[in-house]
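Descriptive analysis of the structure
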Amino acid sequence: MIRLAFTILAGVVLGLVVHLVSVLALPRIATQDAYSRLTPMTKLNGVTQLPLADPQTSPMPFMDPAFALAICRYDLSGGPIKLTVPVSQAYTSVSFYTRNEIAYYAINDRSAGKKVIELDLMTEAQHNELPEDEEVTAADRLIIDSPTTTGLILMKALAAEPGLMPQAQATLAAATCAPQTEAPAKAEAPRGRR
């Protein structure tokens, strides 16, 4: 009886170990991850709108038909990039993912508090190379440190009604994701009264 209980317990433990290892290993060994699927249809360091969600032709699984989607596939090896996303009427969000689909930052129009979500994306090493300016604060510019050199930025704009989808798509069409050609702009020092 004890031998049977031990065999059953060993089988359950072995099954749990195999299940855990396979679940953790699959994202790393999968050949059709999000980055690989989106590479042929997106521009590097540029914004590409995805087609509307359709169960037969959707490039990604579980796409919400109420959202217009755009992707920026980035590579920071050439330097930081500047991302600018206008805010739509209903809701706009921007999510950042590493090459291995690990989400590391997200922002929406409510937390941005502006009519445009604007930020600089760079690696930690590039951020450390920036000159320190005491007059520039976190409120002047938003800098996001990417844990990897390559990854994806997913931009979403909500169409509260089906008739508003063209407006949501137009909002994302105005988004930009491009390498910075010059150092991030410094805030102008406030002038004193005379």
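Now for a look at the structure at hand. (Residues numbered from 1 in each chain as written. Predicted model: local features only at pLDDT ≥ 70, side-chain atom pairs only at ≥ 80, totals over all residues. Heavy atoms only, no water.)

**Considerations on the sheet that holds strand β8 (residues 150–158)**
This is how the line gets drawn: Following DSSP output, two strands are said to pair if at least two bridges run between them. Helix numbers and strand numbers start at the N terminus; a helix is a DSSP run of H or I with at least 4 residues, a strand a run of E with at least 2. Structural elements are reduced to axes, namely lines fitted to C-alpha atoms, with helices fitted over the stretch in contact, and the angle between N-to-C directions of any two is expressed from 0 to 180 degrees. When checking whether two residues touch, look at their non-hydrogen atoms; a contact exists if any pair is within 4.5 Å.
Read from one edge of the open sheet, 5 strands run β1-β2-β8-β4-β5, paired in antiparallel fashion. Two strands close off the open sheet at either side, each with one partner strand: β1 (47–49) and β5 (103–108). For this sheet, the mean inter-axis angle between neighbouring strands, taken without regard to orientation, is 20°. Strand direction decides the pairing type here: β1 and strand β2 (residues 67–75), joined by 3 bridges, are antiparallel. Following the sheet pairing, Val47 is matched in β2 by Cys72. Packed onto the sheet, helix α5 (residues 165–173) meets β1, β2 and β8 and runs at close to 15° relative to β2.

**Some points on the sheet that holds strand β7 (residues 143–146)**
Spatially, the 4 strands line up as an open sheet ordered β7-β6-β3-β9, and their pairing is mixed. Only two strands of the sheet have a single partner each, and these edge strands are β7 and β9 (176–179). Across the sheet, the axes of successive neighbouring strands diverge by a mean angle of 25°, strand direction being ignored. For strand β3 (residues 81–86) and β9, the ladder comprises 4 bridges, and the chain directions are antiparallel. Its bridge partner being in β9, Thr84 is matched across the sheet by Thr176.

**Section: the nonpolar core**
Test applied: To define a nonpolar core, start from buried Ala, Val, Leu, Ile, Met, Phe, Trp, Tyr and Cys residues and group those joined through side-chain atoms within 4.5 Å. Note on exposure labels: buried denotes an accessible area under 20% of the residue type's maximum, exposed denotes more than 50%, and partly exposed covers the range between, all computed with a 1.4 Å probe on protein chains only.
Of all hydrophobic cores here, the largest spans 25 residues; its most connected members are Ile81, Leu83, Val85, Val94, Leu121, Ile153 and Met155. Elements that contribute at least two residues to this core include exactly β2, β3, β4 (92–98), β6 (116–123), β8 and α5. No other element matches the 4 residues that β2 contributes to this core. Residues contacting Met155, with those up to four places away along its chain left out, are Val47, Ala68, Leu69, Ala70, Ile71, Cys72, Leu83, Val85, Ser93, Val94, Leu172 and Ala175. Membership of the second largest hydrophobic core comes to 11 residues, among which are Tyr35, Leu50, Met63 and Leu69.

**Things to note about the pairing of β8**
Where β2 lies against β8, 9 bridges are found, and the strand directions are antiparallel. Each bridged residue has a counterpart across the sheet, and for Tyr74 the counterpart in β8 is Gly151. As paired strands, β4 and β8 are joined by 7 bridges and run antiparallel to one another. Bridge assignment links Thr92 to a residue of β8, and that residue is Ala157.

**Here we look at α5**
Basically, it comes down to this: Summarising the geometry, the arc corresponds to the directions from the helix axis toward the C-beta atoms.
When we look at burial in α5, the residues that qualify are Met165, Ala168, Thr171 and Leu172. Around the axis of α5, the buried residues are gathered within 120° of arc, so they sit on the same side. Summarising the geometry of α5, the exposed residues directed more than 90 degrees from the buried face are Pro166 and Ala173. As for α5, its buried residues are in contact with β1, β2, β3 and β8.

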